[in-house]
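Chain by chain, the residues run as shown.
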Amino acid sequence: MTVVTDVADMQALARRRVPKMFYDYADTGSWTQSTYRENEAALQRQKLRQRVACNIDNRSVKTTMIGQDVTMPVALAPVGLTGMQRADGEILAAQAAEEFGVPFTLSTMSVCSIEDVAENTKNPFWFQLYVMRDRGFSENLMQRATAAGCSALVLTLDLQVLGQRHKDLKNGLSTPPKPKPHVLLDLAFKPRWCWHMLQTKRRQFGNIHGHVSGVGDMTSLAEWTNSQFDPTLDWSSVEWVKSHWKRKLILKGINDVEDAKIAADVGADAIVVSNHGGRQLDGALASYEVLQDIVDAVGDKIEVHFDSGIRSGQDVFKAVAMGAKSTYIGRAFIYGLGAMGKEGVSKVLQMMHKELDVTMGLCGETDIKKVGRHNLVL
Ligand code: FNR
């Protein structure tokens, strides 16, 4: 039995258990993957100030995100095709997040639908929206999310056109999948995944199937995305979204100070400093490298969240110390899901909680809300 002690162990296990086509879909960046690598490297370079003899009994990493209580400053990021890492993946991840007390964000590009997740959870979750060329359909998605009780909309702004991910093309990732022979052969080594997948009927995009033209007959996911997502999206589109969405609004995909300033003025509840985990603009700055300037520019006007590269509680601590109110994890929970299903997501959250708590203590702090730049070597 493998002893899993960190996210890297989960990743290794997921690589063994998830079919190559879907493991690769997660473990990739766009083009040369330089930004993908740099996201993690930038967090690693940040050093912490070790403090001693501070009485660190009674520590708490509890905080809030857009006014919602959270067990720690971590939410599950929206991840397309989560239900392909493990059958019913979105439901399992949402349940794990709910039990742990952190938000779950359902992607527009999920396998389980908004309604599937709502039926199988108790608390409101968050819904992530991609604005489609067919605005009527985007409106319909917002209505469905409202009806399902979603308490926040995460509007993703950094994917008007898809950054190319070589592995997806090489593996034949399309809608529906047209796996290449090497990918089919790999399935023979993933019996557990096949077995779970046979137990579910949810094997296609639950939110968009049957609504958006072309699902099922495009050659690649990239082509399909580029034909459906709205490249005309601009700041007036955010106003349009606001006219249809009356609950909390989070703007995701801000990686530049100028954009952060505009975003802070459009009347959202939070922004997410993110470069989509290095999956979009290859060559963009690591999100951790822009976090400081963005917090300085707009941190007093709007809640700043952070993602891209978080693999540990230490990373969460660094982002919060730099000024982010909270963080999101993408691949970290996806690896847990692929490795061990719901239990794997819970385990990732537990490991991160412990890493965060102990790191905070070793920096001489007892309350995550009081952590700040004084904890960083700058
Ligand atoms: C994503 N991300 C993403 N974001 C989004 O707004 N909608 C989506 O459907 C997806 N899909 C998606 C699929 C996969 C496989 C990954 C890895 C990521 C981006 C995601 O929300 C988040 O920004 C990144 O995952 C953060 O980087 P880390 O934590 O994976 O390094």
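Residues numbered from 1 in each chain as written. Predicted model: local features only at pLDDT ≥ 70, side-chain atom pairs only at ≥ 80, totals over all residues.

Undergrad: So what's going on with the overall build of the protein? Residues and values would help.
TA: A count of helical and extended segments in the protein gives 16 helices and ten strands. Over its C-alpha atoms the protein spans a radius of gyration of 20 Å, differing by no more than 12% from the 21 Å that the globule rule assigns to 378 residues. Along the first, second and third principal axes, the C-alpha atoms of the protein reach 60 × 55 × 40 Å. Here the protein holds 378 residues, and the buried ones make up 50% of them. Restricting the contact set of the protein to residue pairs at least 6 apart, pairs at least 24 apart contribute 73%. (Helix = DSSP H or I, 4+ residues; strand = E, 2+ residues; numbered from the N terminus. Rg over C-alpha atoms; globule rule 2.2 N^0.38 Å. Buried ≥ 20, exposed ≤ 12 C-beta atoms within 10 Å, placed from the backbone. Contact = placed C-beta atoms within 7 Å.)

Undergrad: Tell me about unusual backbone geometry, and name the residues and values.
TA: Look at Trp 31: it is not a glycine, yet its phi comes out positive at around 40 degrees. Note on placement: Trp 31 falls in the loop between helix H2 (20-26) and helix H3 (34-45). The backbone of Leu 81 sits at a positive phi, close to 60 degrees, despite the residue not being glycine. Among the secondary structure elements, Leu 81 is positioned in the loop between strand E3 (74-76) and helix H4 (82-85).

Undergrad: Outline the environment of Val 7, supporting the account with residue identities and numerical values.
TA: Mapped onto the elements of the fold, Val 7 is located in helix H1 (residues 7-17). Classification of Val 7 as buried rests on a count of 25 C-beta atoms within 10 Å. Considering only alpha carbons, one finds Val 7 and Met 352, 345 residues apart in sequence, at a separation of 8.7 Å. With sequence-adjacent residues up to four places away left out, Val 7 is seen in contact with Arg 311, Ser 312, Ala 332, Tyr 335 and Val 348.

Undergrad: Explain the environment of His 196 to me, using residue names and the numbers behind them.
TA: Residue placement: His 196 occurs in helix H10 (residues 191-198). Separated by 110 residues in sequence, His 196 and Arg 86 have C-alpha atoms that sit 7.2 Å apart. When residues no more than four places from it in sequence are discounted, the contact partners of His 196 are Arg 86 and Ala 87.

Undergrad: Which residues make up the packing of helix H13 (residues 257-265) against helix H14 (residues 287-298), and what values do they have?
TA: Packing of H13 against H14 brings their axes to within 9 Å, and their N-to-C directions diverge by 35 degrees. The crossing of H13 and H14 is right-handed. On H14, the residues that touch Val 257, Ala 260, Lys 261 and Ala 264 of H13 are Asp 293, Ile 294, Ala 297 and Val 298. The residue inventory of the contact of H13 with H14, partitioned by class, reads six nonpolar, no polar and two charged. (Axes fitted to C-alpha atoms, helices over the stretch in contact; angles between N-to-C directions. Left-handed = near helix turned anticlockwise from the far one by under 90°. Nonpolar A, V, L, I, M, F, W, Y, C, P; charged D, E, K, R; others polar.)

Undergrad: Would you mind going over the site of the ligand in detail, with residue names and values included?
TA: The full set close to the ligand counts 24 residues, and Ala 77, Gly 80, Ser 107, Gly 277 and Gly 330 are the nearest of them. Within the residue set of the shell around the ligand, elements represented by two or more residues are H2 and helix H16 (331-362). Per-class residue counts for the shell around the ligand are nine nonpolar, eleven polar and four charged. (Near = placed C-beta within 6 Å.)

Undergrad: A description of the nonpolar core should follow, citing residues and the corresponding values.
TA: By size, the foremost hydrophobic cluster in this structure holds 114 residues, and its most contacted members are Leu 153 and Ile 271. Aside from chain neighbours lying at most four places away, what touches Ile 271 is Leu 251, Ile 254, Ala 260, Ala 263, Ala 264, Ile 302, Val 304 and His 305. (Core = buried A, V, L, I, M, F, W, Y, C linked by C-beta atoms within 7 Å.)

Undergrad: Give me the lowdown on the sheet that holds E3, citing residues and values where you can.
TA: Taken in spatial order, the eight strands of this open sheet run E3-E10-E9-E8-E7-E6-E5-E4, and their pairing is parallel. Edge positions in the sheet fall to E3 and strand E4 (105-106), since each has one partner strand and no second. As defined by bridge partners, strand E9 (residues 303-306) adjoins strand E10 (residues 326-329) across two bridges and the pair is classed as parallel. What sits directly across from Phe 306, in E10, is Thr 327. Together, strand E7 (248-254), strand E8 (270-273) and E9 form the strand contacts of H14, whose direction differs from that of E9 by roughly 175 degrees. (Pairing = 2+ DSSP bridges.)

Undergrad: Give me the lowdown on the UniProt feature "active site" (unreviewed entry) in the protein, citing residues and values where you can.
TA: What UniProt calls "active site" (unreviewed entry) maps, in this numbering, to His 276. Mapping His 276 onto the fold places it in the loop between E8 and H14. If we skip the residues at most four places from it in the chain, His 276 touches Asp 158, Leu 159 and Gly 253. (UniProt positions renumbered as here; feature names shortened; annotations may be inferred.)

Undergrad: Kindly report on H1, identifying the contributing residues and their values.
TA: Listed as buried for H1 are Val 7, Met 10, Gln 11, Ala 14 and Arg 17. The arc that holds the buried residues of H1, viewed along the axis, is 135 degrees, so those residues lie on one side. In this fold, the buried residues of H1 make contact with H2, H10 and H16. (Arc of directions from axis to C-beta.)

Undergrad: So what about helix H5 (residues 89-100)? Which residues, and what values?
TA: If you check H5, its first and last C-alpha atoms are 16 Å apart, about what twelve residues at 1.5 Å a residue would give, namely 16 Å. Counted residue by residue, H5 has nine buried out of twelve residues, so it is predominantly covered. Residues of H5 that are buried: Gly 89, Glu 90, Ile 91, Leu 92, Ala 93, Ala 94, Ala 96, Ala 97 and Phe 100. The secondary structure elements touched by the buried residues of H5 are E3, H4, E4, helix H6 (114-119) and H16. Looking one or two residues beyond H5, the residue adopting positive phi is Gly 101, at roughly 90 degrees. (Expected span 1.5 Å × (residues − 1).)

Undergrad: Describe in detail the pairing of strand E5 (residues 126-129), supporting the description with residues and values.
TA: Both faces of E5 are covered, namely the face carrying Trp 126 and Gln 128 and the face carrying Phe 127 and Leu 129. Pairing between E4 and E5: two bridges, direction parallel. Bridging across to E5, Leu 106 finds its partner in Phe 127. Note that the unit made of E4, H6 and E5 has a crossover that is right-handed. Bridge analysis of E5 against strand E6 (residues 152-156) gives four bridges, and the strand direction is parallel. Its bridge partner lying in E6, Gln 128 is registered against Val 154. Crossover handedness for the path E5 to helix H7 (residues 135-147) to E6: right-handed. (Right-handed = clockwise from strand over helix to strand, strands pointing away.)

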